[in-house]
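Single-letter residue listing:
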Amino acid sequence: MHELSIAQSLVEIACDQAEQAGAKRVTRVSVLVGLLSGVVPDSLSFCFPIVCQGTAAEGAELAIQVDPAKGTCPKCGVSVELNDFVLICPSCGAFPIEVRSGRDLKVTALEVEE
Amino acid sequence: MCDTCGCGMPSHEHAHEYESDHDGHVIELEMNVLAKNDVYAAANREHLASRGAVAINMISSPGAGKTTLLQQSLNQLKDWRPLAVVEGDLQTDNDARRIQGVGVPVHQINTNNGCHLDAHMVGHAYEHLSLATGSLVFIENVGNLVCPAGFDLGENATVVLLSVTEGDDKPAKYPVAFVNAQVMVITKTDLLPYVDFSMDRCKEFARAVNPDLEIIECSSRTGDGMDGWVAWVKRLANQVAS
Ligand SMILES: Nc1nc2c(ncn2[C@@H]2O[C@H](COP(=O)(O)OP(=O)(O)O)[C@@H](O)[C@H]2O)c(=O)[nH]1
Ligand SMILES: [Mg+2]
Ligand SMILES: [Zn+2]
């Protein structure tokens, strides 16, 4: 359950940024979770409201956008959407697929109130 | 430069604001959730570099044999470089005492049920240890094959250990730790006759998710393969030094 500390970092960033912007409350936090980031969206959703309690983000909504992992086959050049960590090209069997995205874990937007 | 607006600020570090449809503001960001951990990790890297020290992060499920491997191999490395060990466990200092038994400076971190070490904890451990110049530091992470993998500790290399009693399909079932490691040590090979564990299948699963993964087989019980592990450690340390 490292999603608990991920949620803590997330809420910390949200509250810091809101404060810097002169806002009092965070009402919505948007995150991008890469499919290959090792973070389970459901676990993050579970931890988030617990961690928000007693902070400026109490009651905030968490919007998770899952970033599907994308890669390129080094042999046939096809663009591949990866559903897991297995780096075998589904069209020609070449290996390993070069991963271009899907490892990120980012805060992308906050909605705040004065 | 920022990809979002080309403003010349490093991306991940700043926010753009605009009015939302509702009462509030929307603050657009592009910030790594683990940015703070990464700052501590960078500080750890600098701390190591300033002393010419090298750190190895060891990850496995509980009981795969991390502490035993250290107990068995530190003796062979003791005269080569100053050593230090950071022990991470949920509770107890049992492992630290085992390492003390081989005469190597050790600092125990108890995470109090936290499932992984983070860079901040490790930074404090380095302070406690006051690392000698040229130290080789082993960080035994909390026993957990999933959670520690996402947290950069500022280490020079990550080792994932897998014991043959855990099954040969673990790299397929729990890929993240294997994706982020440079080496996989397959431990307890003395038990191979008693378990259904195919070395080939295991390596195939591991390389399917990490083609560059180096693989070492060893037994801390018989000492088989221990030389391969020690040789890898020395190679890494020399590589970092040059
Ligand atoms: N047969 C055998 N047992 C081992 C080996 N390495 C460790 N063990 C045993 O496995 C158990 C867990 O080892 P430990 O080093 O504490 O694992 P850790 O939790 O990863 O640090 C202990 O009972 C060890 O004696 C090995 O190479 N062969
Ligand atoms: Mg141990
Ligand atoms: Zn292909």
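Up top you'll find the structure we're talking about.
Throughout what follows, the structure given in this document is the object of discussion. As the structure is a prediction and not an experimental result, all values here were calculated from the model.

1. Quick notes on the sheet that holds strand E5 (residues 98–101) of chain A
All names here are of chain A.
Inference 1: In space, the three strands of this open sheet follow the order E4-E3-E5, with antiparallel pairing throughout. The sheet is open, and its two edges are formed by strand E4 (79–82) and E5, each paired on a single side. Between one strand axis and the next, the sheet turns by 40 degrees as a mean value, whatever way the strands run.
Inference 2: By the bridge criterion, three bridges tie strand E3 (residues 69–72) to E5 in an arrangement that is antiparallel. Bridged to glycine 71 within E5 is valine 99.

2. Topic: the coordination of the magnesium ion (ligand 2)
Residues and elements named next belong to chain B.
Inference 1: Coordination of the magnesium ion (ligand 2) by the protein comes from Thr67 (OG1), Asp95 (OD) and Glu140 (OE), over a distance range of 2.1 Å.
Inference 2: Mapped onto the sequence, the donors of the magnesium ion (ligand 2) take the spacing T-x27-D-x44-E. Within this pair, whereas threonine 67 is found in helix H2 (residues 66–77), its partner glutamate 140 is found in strand E6 (residues 136–140), the two being separated by 73 residues in sequence.
Inference 3: Its relative accessible area of 3% is what places glutamate 140 among the buried residues.

3. Side note on the environment of alanine 237 of chain B
Residues and elements named next belong to chain B.
Inference 1: Mapping alanine 237 onto the fold places it in helix H8 (residues 226–241).
Inference 2: By relative accessible area, which is 0% here, alanine 237 ends up buried.
Inference 3: On a C-alpha basis, the gap between alanine 237 and arginine 81 in space is 9.6 Å, while along the polypeptide they are 156 residues apart.
Inference 4: In this view, alanine 237 contacts Val54, Trp80, Arg81 and Leu136; residues no more than four positions away in its chain are not counted.

4. Quick look at the packing of helix H1 (residues 3–20) of chain A against helix H2 (residues 41–52) of chain A
Residue and element names in this part refer to chain A.
Inference 1: Here H1 crosses H2 at 50 degrees, and the two axes come no closer than 8 Å. Comparing their axes, H2 and H1 come out oblique. Every pair of crossing elements has a handedness; the one defined by H1 and H2 is right-handed. Listed contacts from H2 to Glu3, Leu4, Ile6, Ala7, Gln8, Leu10 and Val11 of H1 are Ser43, Leu44, Cys47, Phe48, Val51 and Cys52.

Basis of the calculations
Residues numbered from 1 in each chain as written. Chains lettered and ligands numbered in written order. Predicted model: local features only at pLDDT ≥ 70, side-chain atom pairs only at ≥ 80, totals over all residues. Heavy atoms only, no water. Pairing = 2+ DSSP bridges. Helix = DSSP H or I, 4+ residues; strand = E, 2+ residues; numbered from the N terminus. Axes fitted to C-alpha atoms, helices over the stretch in contact; angles between N-to-C directions. Donors = N, O, S within 2.8 Å, 3.2 Å for Na, K, Ca; no water. Buried < 20%, exposed > 50% of the residue type's maximum accessible area, 1.4 Å probe, protein only. Contact = heavy atoms within 4.5 Å. Parallel < 35°, antiparallel > 145°, perpendicular 65-115°, else oblique. Left-handed = near helix turned anticlockwise from the far one by under 90°.

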